[in-house]
Amino acid sequence: MKNKLLASQVAGKACLNLSSFKKATVSALSCSLLLAMGSANAAETTVNSVADAITQGTAQVNLNLRYESVDQDNALKDADALTLRTRLTFATAEYYGLSALVEFEDSRSLAGVNDYNDAIGNNAAYSVIADPETTELDQAFLQYKRNGFKAKVGRQVMALDNMRFIGHVGWRQDRQTFDAVTMQYAIDDFSVDYGYIYKRNRIFAEVKDIDSKDHVFNASYNLDLGKLSAYGYLLEEDTNVENAIDTYGIRFAGAKDFDNVKLLYTVDYATQDTDTATASYSTDYMLAEVGVGYSGLTVKLGYELLGSDDGEYGFSTPLATLHAFNGWADQFLATPAQGLADTYVSISGKVAGGKWALVYHDFEADDSSATVSDLGNEIDAVFSLPIDKHYTVGVKYAAYSAGDAGAGKVDADKVWLWANAKF
């Protein structure tokens, strides 16, 4: 009884602190949940007190040093950036199912190599490298776990399915996190996730963070042939202007072994309704991908369609890890009004202890016009090498070749060199 009372008091104090920066309705819901958890008849724990949960916690350091260059065939100057991202993380041990995590993140340019547009208003004459200098709270949440149920309250990373719709944009130095209340229930092969996001902490320091009223649903079931997911993402910025983006979809992804050959397959379909202050749009999303793995090599062929509504609006995924899709040159972070059809082929494998991949994309408009049909093509290459469990180095290259002049794109080449250390 004493331990239950103490847990309830700790949860109550945490809620009082959280209430200072959350919306009142979310604070009330979250705190009620935490107070109930603190007084619940939780399972036995090996941690005897809140103090033990803190002293038995774990600390991590992650350092990411990266050089990036951008050369575009336009009036912007070529960009160069040498940046170091430092991430410090502390997670407590569990105390009757309750735990907490705090994480700080800092990104700095080094050695005077900072000739780049950081996407928040500095050095606009240069091409964009979206790694602004910043120091901020990356994550800070309370978590409760018991009998397949998990809940988090606070700033957190969210990554659902392949992150095509909800992701952390981990490639950038300042990754994307969310101020949210999330819950998950998983039992055997079934799991269901719900999240309410009230702030999107984007990759542009704190300058372009967005208050929101997003509802995120995702349910999945593991079958013998793969994972079946159904999802609904109801996104809305917290403004006085109509801006809702409602997406519903279903996805199936899996793999099957045949002796020495592995067959990989993914299909995904979604429909989207978008309301703005002046109009409403309906668009579709489709993905079909098949791959074969044999003798250390994997070859994939895919087709991804982000549809258009009569050439006026393209299917949108504003919370996605966009860098992972439609080419690493990041030419299609926003879907063109004409939509985007991406036919791609990739080959990947291992050599000298590292991993490599080559990818080719051919881009076309979903709803072509007299001036916009060919949206260009791109070649991507990457090689990463782990030195040991603590260190990784890598090199990456993207070369985009523009299509029709009316598409508003230009040739672009990007190069990255990086070294990562984590302890």
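Residues numbered from 1 in each chain as written. Predicted model: local features only at pLDDT ≥ 70, side-chain atom pairs only at ≥ 80, totals over all residues. Heavy atoms only, no water.

In the annotation of an unreviewed UniProt entry, the protein chain is listed under the name Alginate export domain-containing protein and assigned to Shewanella saliphila.

### Looking at the environment of Ile203
Structurally, the position occupied by Ile203 is in the loop between strand E7 (190-201) and strand E8 (210-223). Remark: the alpha-carbon pair of Ile203 and Arg172, spanning 31 residues in sequence, is separated by 6.9 Å. In this structure Ile203 touches Ala130, Pro132, Val169, Arg172, Asp174, Arg175 and Gln176, once residues within four positions along its chain are discounted. (Helix = DSSP H or I, 4+ residues; strand = E, 2+ residues; numbered from the N terminus. Contact = heavy atoms within 4.5 Å.)

### Observations concerning unusual backbone geometry
The residue Tyr96 is not glycine, and still its phi comes out positive at about 50°. Relative to the helices and strands, Tyr96 resides in the loop between strand E2 (79-91) and strand E3 (98-115). Unusually for a residue other than glycine, Met163 sits at a positive phi of about 65°. Within the fold, Met163 resides in the loop between strand E5 (149-156) and strand E6 (177-187). Accessibility expressed as a relative area gives 19% for Met163, which makes it buried. (Buried < 20%, exposed > 50% of the residue type's maximum accessible area, 1.4 Å probe, protein only.)

### Concerning the pattern of salt bridges
Throughout the structure, instances matching the rule amount to 14 salt bridges. With a shortest N-O distance of 2.7 Å, Arg155 and Asp179 are connected by a salt bridge. With a gap of 24 residues between them, Arg155 in strand E5 and Asp179 in strand E6 connect regions that are remote in the sequence. Here Arg155 and Asp179 have matching classes, each one buried. One salt bridge connects Arg251 with Asp268, and the closest N-O pair in it is separated by 3.5 Å. (Salt bridge = Lys/Arg side-chain N within 4 Å of Asp/Glu carboxyl O.)

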